[in-house]
Amino acid sequence: MRSPFRPDMLPDARVLDDHRPLIRSLERRGLIRSGLSLGALVMLTGCDVRRPEAVESALLAISRLNDDVQALLFDPNKLAPTYPASMILRPPKFNAYYDVTDVKPVIAATWRLELAGLIADKRAWTLADLQALPQTSIVIKHICVEGWSYIGGWTGVPLRVFLERVGADLRAKYVAFKTADNYPSSIDMASALHPQTLLALQYGGETLADPFGYPLRLRTAVKLGYKNPKWVTAIEVTNKYPGGYWEALGFPWFAGI
Amino acid sequence: MNRVTPETNGVATSSVTRGRRLHPWPVRIMHWVNAVVMLIMITSGWGIYDDDVVIRGFHFSSFWRLGDWAAWSLNWHFAGMWFLVINGLIYLVYGFVSGRFREKLLPIRPTDVVQTVIDTLHFKIAHEDITVYNAVQKLLYIVVILAGVSQVITGIAIWKPVQFSGLVSLLGGFQNARVLHFAGMAVIVGFLIVHLALALLVPKTLWAMIAGGPRLKPGGRAKEGHVA
């Protein structure tokens, strides 16, 4: 039977002959291209129905937008509520991406705090050097992204004091941390300069215990718990987004409270 | 010359005789946007909840959780919140400015509430005229709107407990705010169960929220249907 789609009047055969290579190449290319994209689509939806890539990237885009909104909401002069020392939880609550039995204590005698990035004086610091700097104590609430919270008392060097002392570029965007437990983390400069952001050396008036970051950890009242790296070994001031351990797995980066 | 007075203007006349729908199109759009966003907020909230439960031993199985682990539940929740807040704000402004809240949800007389409860217990559920809400319906709609507003307030408190520390102490502390946020969810889910059950029992209410429902007389009631 004659196809109903066939035109009644066929074009001159010469016209077709003149353009035959072009028509053929178009068809072949189009077929290959559509075949490939169809295959890719099947693989895309087949690999993870619960978390398709398009949805994931849309959620991450909104999460980055939320980071900007959070930075706008952050008031550098707003202090977190503080509590009397009697309310300090002893010992503090342990939390990490591994169990407390897997904590590898850091030897303070050989430990050094390395500096990198936009810092004038990059000489490494010993624990004694840091202890000689002016110390501040705060009793603040630790709030975990999971929902639990506790009141802890921290003593140490305000990060602002330290950054000023080493000649860091305070107009840089990020302050990044490396740790002995391979838990990279980073915060924005405004939060780093907040008066309740400490390089903590003590908890509850005593030297930090091993599971809680001895000899040095970050403790900031203006971020969720996962932005407080323990066993800090290096600080870098940078304008290049440094990310972090949980951030790489999808958690929001700013995590301000 | 053809003089057209406002009274005889064709457009004006037709809009008066046709009357507005029970659910004008903005209400329907906002309703369905809210339906999707609420489901996202509730199920992603269950995913976040599960890492540190409010009620000891009470978990939501993975089937009920949006996001395959906490990070994605959190990202869903913090994406959904914008749609919930923007849609909700437009809805509140619309409800007050258009007079819909006053017309549909007021007045509520305690005696009417009691009577409706008694009637319902006797399986006398009047639903011939879906354009008029009974006292219990009015009460439930007001409760769920307030619960939605409360969820945003307690949500802001647990999202930014330092920036809004005054709000947190007003709510009785961070953990208390969390419990209130959880309780607000429970109220909304409780409403949803009743709301869905009744919509399925009286399918024309569901259809009305899609197509707009019966046209109203100027007084706000249906042109047809029984009014007891």
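See the structure shown above.
Just so it is clear, the model here is predicted, and its values are computed rather than measured.

*Asks:* Give a detailed account of the packing of helix α2 (residues 25-49) of chain B against helix α8 (residues 174-201) of chain B, specifying residues and quantitative values.
*Replies:* All names here are of chain B. Running from N to C, α2 and α8 point in directions that differ by 135°, and their axes come no closer than 11 Å. One way to sum up the angle between α2 and α8 is to call them oblique. Considering only the axes of α2 and α8, their crossing is left-handed. Along the contact surface, α2 presents Met 38, Ile 42, Gly 45 and Tyr 49, while α8 presents Phe 182, Met 185, Ile 188 and Val 189. Looking at the contact of α2 with α8 residue by residue, the classes come out as seven nonpolar, one polar and no charged.

*Asks:* Tell me about the interface of chain B and chain A, and name the residues and values.
*Replies:* Of the residues lining the interface, 18 residues belong to chain B; the matching set on chain A comes to 25 residues. Within the residue set of the side of chain B that touches chain A, elements represented by two or more residues are α3 (70-97) and α8 of chain B. A total of seven residues in the side of chain B that touches chain A trace back to one element, the largest contributor, which is α3 of chain B. Per-class residue counts for the side of chain B that touches chain A are nine nonpolar, four polar and five charged.

*Asks:* I'd like a rundown of the pairing of strand β6 (residues 197-203) of chain A, residues and numbers included.
*Replies:* Each regular strand displays side chains that alternate between the two surfaces of the sheet. All names here are of chain A. For β6, the buried fraction is high: six of the seven residues fall into the buried class. Where strand β3 (residues 149-158) and β6 come together, five bridges link them in antiparallel fashion. Of the residues in β6, the one forming a bridge with Pro 158 is Leu 198. Note: β6 against strand β8 (residues 217-220), four bridges, orientation antiparallel. Bridging across to β8, Leu 198 finds its partner in Arg 219. Of the strand pairs in this sheet, β6 and strand β7 (residues 206-207) are connected by two bridges, and their pairing is antiparallel. Looking at the pairing, Tyr 203 lines up with Glu 206 of β7. Connecting the antiparallel pair β6 and β7 is a turn made up of two residues, with Gly 204 showing a positive phi of about 60°.

*Asks:* I'd love a proper account of the pairing of strand β4 (residues 174-179) of chain A, names of residues and values included.
*Replies:* All names here are of chain A. The element β4 is extensively covered by neighbouring structure, given that six of its six residues are classed as buried. Where burial is concerned, the two faces of β4 agree: the one with Tyr 174, Ala 176 and Lys 178 and the one with Val 175, Phe 177 and Thr 179 are both buried. Direction of pairing for β4 relative to strand β5 (residues 185-188): antiparallel, over a ladder of four bridges. Pairing of Ala 176 across the sheet is with Ser 186, part of β5. Counting the residues between successive antiparallel strands, the hairpin from β4 to β5 contains five residues, one of them, Asn 182, with a positive phi of roughly 55°. As judged from the six bridges shared by β4 and strand β9 (residues 232-238), these two strands associate in the antiparallel manner. Directly across from Thr 179, in β9, lies its bridge partner Val 232.

What counts and how
- Along each chain, the written sequence defines residue order, and numbers are assigned to residues from 1.
- Following the order in which they are written, the chains are lettered starting with A and the ligands numbered starting with 1.
- Given that the model is predicted, a residue must reach a pLDDT of at least 70 before its local features are reported, and side-chain atom pairs must reach 80 or more before they are shown or counted; all residues, however, enter totals for whole chains, interfaces and linings.
- Convention adopted: a line fitted to C-alpha atoms gives each axis, helices being fitted over their contacting stretch, and angles between N-to-C directions are expressed from 0 to 180 degrees.
- The secondary structure listing takes helices from DSSP runs of H or I that are at least 4 residues long and strands from runs of E that are at least 2 residues long, numbered from the N terminus.
- An angle counts as roughly parallel when it lies under 35 degrees, as roughly antiparallel when it exceeds 145, as roughly perpendicular when it falls between 65 and 115, and as oblique in every other case.
- Should the near helix be turned anticlockwise from the far one by less than a right angle, the crossing is left-handed, and should it be turned clockwise, the crossing is right-handed.
- We call two residues in contact when the distance between their C-beta atoms, placed using the backbone, is within 7 Å.
- Amino acid classes used here: Ala, Val, Leu, Ile, Met, Phe, Trp, Tyr, Cys and Pro are nonpolar; Asp, Glu, Lys and Arg are charged; the rest, including Gly, are polar.
- Here a residue counts as buried when 20 or more other C-beta atoms sit within 10 Å of its C-beta, as exposed when there are 12 or fewer, and as partly exposed otherwise, the C-beta atoms being derived from the backbone.
- For two strands to count as paired, DSSP must find a minimum of two bridges between them.

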